[in-house]
Amino acid sequence: MKKLLPLDPEVLSVFVPPFLSKEDSSTASASCSNLNKTRRRSFRKKRDKVRTENWKNPHGDQKVPDVEHVSVPNGVDLSALSQLCFPGGLCVAPEPKEDRVHFLVLTDVCGKRTYGVVAQYYRPVQDEHCFYNGKAHFEIPGQTTHAVSCFVPFAICLISRYPYYNALRDCLSCLLAQLKLCKDFDVDERIKDFAAKLSLIPSPPPGPLHLVFNMKPLQVVFPSRADPDSPIVDLDLHLPLLCFKPEKVLQIITCILTEQRIVFFSSDWALLTLIAECFMLYLHPIQWKHTFVPILSSQMLDFVMAPTSFLMGCHLDHFEEVSKEADGLILINIDSGNITYSKALDDDNNDIDIPDIPLQAAQTFIQRVEGLQLHYDLELSHLMASTDLGEVQARRRAWQQKQNSEMQQITLQLIVNIFREVKNHLNYEHRVFNSEEFLKTRAPGDQPFYKKVLETYIFHSFLKARLNRRMDAFAQMELSTESEEDRMNVMLVSPRRPTIEKMASRRFSSQHIVKRRMVMSMPNLQDIKIPELPPRNSSLRKIETVDSCKGYNTVPKLTSKSVYTFKIPEIHFPLVSQCVHSYYADFIDLLSKAINFPPSDNSVLLARYLYLRGLINLMEGKLLGALSDFQSLYRTDISIFPADLVNRMVESMSSSERSQAERQPELKRLISEIMEKPREVTKVDDPVKNFELPKKHMHLDVFVKRIQESGIVKDIKIIHRLFEALTVGHQKQIDPETFRDFYNYWKETEAEAQEVNLPHEVIEHLDKNECVYKLSSSVKTNFGVGKIAMTQKRLFLLTEGGYVEISTFRNIEEVKSTTVAFLVLRIPTLKIKTVSKKEVFEANLKTECDLWHLMVKEMWAGKKMADDYKDPQYIQQALTNVLLMDAVVGALQSPNAIYAASKLSYFDKMKTEMPMSVPKTTSETLKHKINPSLGETCPQAIDILLYTPGHLDPAEKIEDAHPKLWCALSEGKVIVFDASSWTIHQQSFKVGTAKLNCMLMAEQNQVWIGSQDSIIYIINIHSMSCNKQLTDHRSSIMDLIVEDGNKESSGEVYSCSLDGVIIAWNVSTLKVNRKFHLPCQNLTSIKLHNGRLWCCIGRSIMVVTTNGFLRQELKIDELFKEIFASFLCFQLVLEQDQVWTACAGHRDIYVWNIKDFSRLPHKIQLQDCSEISCMIKVKNQIWVGSKGLSQGKYKGKIYVIDADKKIVEKELVAHADTVKALCSAEDRYVLSGSGKEEGKIAIWKVE
């Protein structure tokens, strides 16, 4: 038998949906066809013209094939596709070969990817021709006319928008089993039926619900993505670890992050795509945006000559050819697990420098990978053999899902550990990244890696996501693995310095500095030997216990999320319209049953069922039903709302359909939002700027921007004072040289502070969170010779003998700058007198004396204000002022430098020029102050405060069980504090863009927020995300109150809007129990008592039943005759049958008798009050927030009134602006928030 020559593959048939027969096509819905204009019937590809002698029937007659004109589906290149289906070439075999599968990734010119799964199988040649569908297609060249025993390969390729590799492989396995049993002329029909089945299976929405379809004999599972931003994972993520050692995996990840030209090689075509895709998933949420062709056919090898970054895959047979023909490639052999690179034959120095991944991140990755159980057989060793194929499948799938989750956690932690500290060098307001300063903070051995990565497009895209504050997988893990120290640092406005705790850990690990890097770079990948790497692993295990590695070795708790499945109904054939409608009807029926009986009121599942039912309704052409289902996602899980699809639906609706939809209020609102929303123009993404020193003179506004970009300080008022300091005696502009000198001195001082390494004897005298901010030169003092050190808490002398305490700032009594005689000289000397010591500290600081005098006085004054106002931020602001003084003096180097630095002496001037003592009552009642606007350029008003008590739940993280303080700022911004430590629990997140008016804890895991945009946003306390919205109101939401449920019924939440609408909500189902409308347009607040709703509607307070029937009314006309008088707020004091009211524009409180509104109210005068803003009841007290006079200035004031005696017990003054919000914390504390001039929260003790 002659050697069989390779043949050119051709596409025989292409099948695309819909698959209705011609007689049924007229019944398709017009609306449905509008949404699916690109749908086509199955077609046969038009073949290229062939020689007539090759197309003969068995009788020798010339055969002209029947063809149709076709278009290529989804822009797929069919000629290239046929090559990729047989990437190694199409060869006839003398004997049958095993069926095989491989996977494709197809990318269009816009970078959009589609995915293919190809199954190859062999069929015999009969009587010199290969028959397919009953027609002769070709002859074997060089063969005689007698029968030949040989086998021809065929390929079936499934193309999908989604990477369902395992699912589609299982589907093709089922199909091949059927094809082997059918006759040749039935093949096309079987494949068409198979394609029709798949076309009717929807892709599951993001979340925990997977779809199961019976393909016979296998149950095929189509997995969902974890969330809308996550990729679909339908392959085995541990495969690279079976092919490469962990160190090699890290090298490959480095090659990808540094955007090399990468080529994978394997003798197994399937592995090329699977391994490449695994590495893409390892980087999530970072995305590879360059050329990605994991399989190159033999005809496509010239692609590797491309000069730009790419990731491609070739058969191992082409390894030598590629390595010789193309230079500068990273060549990765999957089969051997080796990595090499190609270079020009005449260039011995053409090395590719691929540095190592940062050491600590790499070590953590290797440790965690080595702890994985990668072999499924070991999982089965203790189990009995299963006789159920479905059980075998399910068990393997469950094991793989667990493995995938662990791999995703490990690789995500690697990415977070590599880039965790990038955020410290970002300026969000001006979108600037200070790459130079970031590199300086990296370990010397890690810098080559970062230098290369920082230049890549991948990193630039990553920076954009950080600056856009995207809460993706990276941000979530970064937050969940944040150390307590990092959490505390967020609360500091002063520049960061290494804490004493860090210094101690650094000393412990200093012995490992020499071993910090095994390999500094990778000049020649093939020269790196694996046996050299185990010492890195062993050193890791030693370092693991060191505190300095906490941020790297913090292993996020891997909680096993519940996964649910939904079985898709059977599809019956023949595939005529009636059968398809029957399938859709069965599908909708199953979904409706699941919606009506969700397990344990699981809104997550309910949302997925609604989404799927909406899709099926849409496919049926039932637009109203689909729109209603999608609208229901607002109150179940808005994160999966298909906005683009709904937009297209609304645009395709006829006028009659639209008018019918608008009869339903919810759909009317949805349609109006879509129609009124302006067309989104493709937004040009704001670029990320790299920080550069200015080259021109700067006036104040430009200087403010430049300083903020540099990351030195953000507060505008402080920058204004810095501008005054740097322009003393000059024109009010700053030249580039002065800015450069100031910036360089600041950064040099910062770098020097990082190198401070205190002896152990000194460290044990200091608190673990103290930092050394300033060290003097060695000076002579009456306590000995040494260096004066300043922390945020104290001054001490660093001598050869160790530590000598000078004083804490709190204990300083007096600071003087004087001179002492030494021979004929007068030496400048600093004197510090303390409360606890009789001996005055004296230091001959010489030229440094004036600066230290300024700095110590500023810290002393800042500490006093921090103590008086219980506001630790004051000491942090004083530290910032002190360090700015130091930098100004260092930069100016002129005789008037000290005078210039004195412009930054803010707290000392306040103490000297405006000595204001805190009233005793305020000092005794005030416990603490916090600043939600920390890190912002200016303060923001606090609109609402909500305290939520802690509760223990075994399913939660410990920090989730802590009590929390929720703070609403401007434009929908919310910040959450951990009320057990007053540290930030959750960085700001946004709910809408409008002002927020009210907040309420409806259940242990839900916080409801009412907004001026008429939407109620529901926050999940555990995930700190808003995935539900209630949109039934048409005006600003003004108030929310909750009614506790009993054993028979769940609780209700009442919401009211400005237009007078009140809605009672079922907390569990989020359905409307009742809704009524009060005759007003100014409903501002409601309260619930004894089955009655008390409603403040401006000129009156109405008492109505929970169904809206009026029972009482308190009119303001009985009190004031002014036309514009109105009630501002009120409180019920039910123990005494009283309602306490405050009126807009008035400064008195009026107490009414509930039983008789006709009686004149009791008037309580608030001394020095100019306006009342809010009021709450705590125990038997009424706390009134206002603005009033104190020591000759208007400030925020709180009046505490005894509800029994109706007298003011206390006047509290601790805010510089109006008290805008009050809330109670378990009746033990009251929290107050002020306006935008100050923007702080005060915590008060309730007596």
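Residues numbered from 1 in each chain as written. Predicted model: local features only at pLDDT ≥ 70, side-chain atom pairs only at ≥ 80, totals over all residues. Heavy atoms only, no water.

1. Observations regarding the overall build of the protein
So, step 1. Within the protein one finds 34 helices and 54 strands.
So, step 2. Within the protein, buried positions represent 54% of all 1247 residues.
So, step 3. Contacts spanning at least 24 positions in sequence make up 59% of the contacts within the protein whose residues lie at least 6 apart.
So, step 4. Surface accessibility of the protein: about 57,600 Å² in total, with carbon and sulfur atoms responsible for 50%. (Helix = DSSP H or I, 4+ residues; strand = E, 2+ residues; numbered from the N terminus. Buried < 20%, exposed > 50% of the residue type's maximum accessible area, 1.4 Å probe, protein only. Contact = heavy atoms within 4.5 Å. Areas by Shrake-Rupley, 256 points an atom, 1.4 Å probe, with all protein chains shown as cover.)

2. Looking at the sheet that holds strand 53 (residues 1229-1234)
So, step 1. Reading across the sheet, the 4 strands line up as 27-54-53-52 and stay open at both edges, with antiparallel pairing between neighbours. At either margin of the open sheet sits one strand with a lone partner, and together these are strand 27 (926-930) and strand 52 (1219-1225). Adjacent strand axes in the sheet meet at a mean angle of 20 degrees, parallel and antiparallel pairs treated alike.
So, step 2. In this sheet, strand 54 (residues 1241-1245) lies alongside strand 53 in antiparallel orientation, the contact comprising 5 bridges. Residue Tyr1229 lies in a different strand from strand 54, and its bridge partner there is Lys1245. (Pairing = 2+ DSSP bridges. Axes fitted to C-alpha atoms, helices over the stretch in contact; angles between N-to-C directions.)

3. Observations regarding the nonpolar core
So, step 1. By size, the foremost hydrophobic cluster in this structure holds 182 residues, and its most contacted members are Phe222, Phe264, Phe279, Val304, Phe419 and Phe630.
So, step 2. Sort the elements by how many residues they give to this core and helix 7 (residues 269-282) lands first, with 12 residues.
So, step 3. When near neighbours in sequence (up to four residues on either side) are disregarded, Phe419 contacts Ile286, Val453, Phe459, Phe462 and Phe474.
So, step 4. With 67 residues, the next largest nonpolar core counts Val713, Phe723, Phe739 and Met910 among its residues. (Core = buried A, V, L, I, M, F, W, Y, C linked by side-chain atoms within 4.5 Å.)

4. Focus: the sheet that holds strand 3 (residues 100-107)
So, step 1. Spatially, the 3 strands line up as an open sheet ordered 3-4-7, and their pairing is antiparallel. Each edge of the sheet is formed by a strand with only one pairing partner; in this case those strands are strand 3 and strand 7 (151-160). Recorded for the sheet is a direction-independent mean angle of 25 degrees between the axes of neighbouring strands.
So, step 2. Packed on one face of the sheet, helix 2 (residues 78-85) meets strand 3, strand 4 (113-124) and strand 7 and runs near 150 degrees to strand 3.
So, step 3. Across the sheet, helix 3 (residues 165-179) touches strand 3, strand 4 and strand 7, and the angle it forms with strand 4 is around 25 degrees.

5. A closer look at the pairing of strand 23 (residues 802-808)
So, step 1. The buried count for strand 23 comes to 5 of 7 residues, which makes it a mostly enclosed element.
So, step 2. In this sheet, strand 23 lies alongside strand 22 (residues 794-799) in antiparallel orientation, the contact comprising 6 bridges. Opposite Thr799, over in strand 23, you have Gly802 as the bridge partner.
So, step 3. Connecting strand 22 to the antiparallel partner strand 23 that follows it, the hairpin turn spans 2 residues.

6. Regarding the confidence of the model for the protein
So, step 1. Taken over all residues, the pLDDT of the protein has a mean of 83, while the share at 70 or more is 83%.
So, step 2. Contacts from residues 128-146, a stretch scored under 50 in pLDDT, to residues over four places away or in other chains number 47 contacts. (pLDDT = per-residue confidence, 0-100.)

7. Quick look at the state of the cysteines
So, step 1. With the rule as written, the count across this model stands at 0 disulfides.
So, step 2. Residue Cys1223 stays outside any disulfide, its sulfur separated by 9.5 Å from that of Cys967, the closest cysteine. (Disulfide = S-S within 2.5 Å.)

8. Re the packing of aromatic side chains
So, step 1. By the definition in use, this model includes 34 aromatic pairs.
So, step 2. On the numbers, 5.6 Å between centres and 55 degrees between planes, the contact of Phe703 with Phe723 is tilted. Here Phe703 is found in helix 26 (residues 700-710), whereas its partner Phe723 is found in helix 27 (residues 716-726), with 20 residues between them in sequence.
So, step 3. For Phe723, a relative accessible area of 4% corresponds to the buried category.
So, step 4. If you follow Lys911 out to its NZ or CZ, it ends over the ring of Trp860, 3.1 Å from the centre.
So, step 5. Against the face of Phe1130 rests Lys1087, its NZ or CZ located 5.6 Å from the ring centre. (Phe/Tyr/Trp six-rings, centres within 6.5 Å; stacked < 30°, edge-to-face > 60°. Lys NZ or Arg CZ within 6 Å of the ring centre and 35° of its normal.)

9. Let's talk about the side chain of Thr808
So, step 1. Tracing the chain through its elements places Thr808 in strand 23.
So, step 2. Thr808 sits in the buried class, given a relative accessible area of 15%.
So, step 3. A distance of 3.1 Å separates a polar atom in the side chain of Thr808 from a polar atom in the side chain of Asn811.
So, step 4. Leaving out residues up to four positions away in the same chain, Thr808 has contacts with Lys793 and Arg794. (Polar contact = N/O pair within 3.5 Å; in protein donor to acceptor, adjacent residues only side chain to side chain.)

10. Side note on the pairing of strand 36 (residues 1037-1043)
So, step 1. Burial analysis of strand 36 places 5 of its 7 residues in the buried class, which makes it a mostly covered element.
So, step 2. Two elements, strand 36 and strand 37 (residues 1052-1057), share 6 bridges in a ladder whose sense is antiparallel. Paired with Ile1041 across the strands is Tyr1054, a residue of strand 37.

11. Here's the deal with the side chain of Lys1206
So, step 1. The residue Lys1206 is located in the loop between strand 50 (1193-1202) and strand 51 (1207-1215) in this model.
So, step 2. Buried charge without a salt bridge: Lys1206, with Asp1204 as the nearest opposite-charge side chain at an N-O distance of 7.1 Å.
So, step 3. In contact with Lys1206, not counting residues within four places along its chain, are Gln1136, Gln1138, Trp1140, Val1151, His1162, Ile1164 and Ile1201. (Lys, Arg positive; Asp, Glu negative; His and termini not counted. Salt bridge = Lys/Arg side-chain N within 4 Å of Asp/Glu carboxyl O.)

12. A few points about the environment of Lys964
So, step 1. Along the chain, Lys964 falls in strand 29 (residues 964-968).
So, step 2. Overall, Lys964 belongs to the buried group, its relative accessible area being 3%.
So, step 3. Among the polar contacts made by the side chain of Lys964, one reaches the main-chain carbonyl oxygen of His962 at a distance of 3.2 Å.

13. Section: the pattern of salt bridges
So, step 1. Summed over the entire model, instances satisfying the criterion amount to 43 salt bridges.
So, step 2. In this structure, Arg794 engages Glu805 in a salt bridge whose closest nitrogen and oxygen atoms are separated by 3.3 Å. Pair noted here: Arg794 is in strand 22 and Glu805 is in strand 23, with a separation of 11 residues, a long-range link.
So, step 3. Arg794 gets classed as buried once you look at its relative accessible area, which sits at 8%.
So, step 4. Lys831 is the salt-bridge partner of Glu842, the closest N and O atoms lying 3.8 Å from each other. Residue Glu842 is located in strand 26 (residues 841-843), and its partner Lys831 is located in strand 25 (residues 825-834); the two are separated by 11 residues in the primary sequence.
So, step 5. Classification of Glu842 as partly exposed rests on a relative accessible area of 28%.
So, step 6. What emerges from the salt-bridge pattern is a single network uniting Glu436, Glu437 and Lys440.

14. Concerning the packing of helix 6 (residues 246-257) against helix 7
So, step 1. At a minimum axis distance of 11 Å, the contact between helix 6 and helix 7 shows a crossing angle of 75 degrees. The angle between helix 6 and helix 7 falls in the class roughly perpendicular. The residues of helix 7 that touch helix 6, namely those facing Val249, Ile252, Ile253 and Ile256, are Phe279, Met280 and Tyr282. (Parallel < 35°, antiparallel > 145°, perpendicular 65-115°, else oblique.)

15. As for the packing of helix 28 (residues 736-755) against helix 31 (residues 873-892)
So, step 1. Viewed as axis vectors pointing N to C, helix 28 and helix 31 meet at an angle of 125 degrees, and their least axial separation amounts to 8 Å. The angle between the axes of helix 28 and helix 31 places the two elements in the oblique class. For the pair helix 28 and helix 31, the crossing hand works out as right-handed. Only Leu883, Leu884, Asp886, Ala887, Val888, Gly890, Ala891 and Leu892 of helix 31 make contact with helix 28, whose side of the interface consists of Thr738, Asp741, Phe742, Tyr745, Trp746 and Thr749.
So, step 2. Taken together, the residues that form the contact of helix 28 with helix 31 break down as 9 nonpolar, 3 polar and 2 charged. (Left-handed = near helix turned anticlockwise from the far one by under 90°. Nonpolar A, V, L, I, M, F, W, Y, C, P; charged D, E, K, R; others polar.)

16. Regarding the environment of Gln178
So, step 1. Along the polypeptide, Gln178 turns up in helix 3.
So, step 2. Look past the residues within four positions of Gln178 in its chain and what remains in contact with it is Arg190, Met215 and Lys216.

17. Remarks on helix 3
So, step 1. Over its 15 residues, helix 3 runs 21 Å from end to end, which matches the ideal 21 Å to within 8%, given 1.5 Å per residue.
So, step 2. With 11 of its 15 residues buried, helix 3 lies for the most part within the structure.
So, step 3. If you check which residues of helix 3 are buried, you get Tyr165, Asn166, Ala167, Leu168, Asp170, Cys171, Leu172, Cys174, Leu175, Leu176 and Leu179. (Expected span 1.5 Å × (residues − 1).)

18. Things to note about helix 21 (residues 603-619)
So, step 1. In this model, helix 21 (17 residues) spans 24 Å end to end at C-alpha, consistent with the 24 Å of a helix rising 1.5 Å per residue.
So, step 2. Counting buried residues along helix 21, 15 of its 17 residues qualify, which places the element largely inside the surrounding structure.
So, step 3. Of the residues one or two after helix 21, Gly621 is the one with positive phi, at around 85 degrees.

19. Quick look at the environment of Val882
So, step 1. Note on placement: Val882 falls in helix 31.
So, step 2. Using a relative accessible area of 1% as the deciding quantity, one classes Val882 as buried.
So, step 3. Put simply, Val882 and Lys857 are 25 residues apart on the chain and 9.6 Å apart in space, counted from C-alpha to C-alpha.

20. Brief notes about unusual backbone geometry
So, step 1. Here the amide bond leading from Lys216 into Pro217 is cis, since omega sits at 10 degrees, within 30 degrees of zero.
So, step 2. Position of Pro217 relative to the elements: it lies in the loop between strand 8 (209-214) and strand 9 (219-222).
So, step 3. Here the bond from His284 into Pro285 is cis, since omega is 10 degrees, no more than 30 degrees from zero.
So, step 4. Position of Pro285 relative to the elements: it lies in the loop between helix 7 and strand 11 (291-293).

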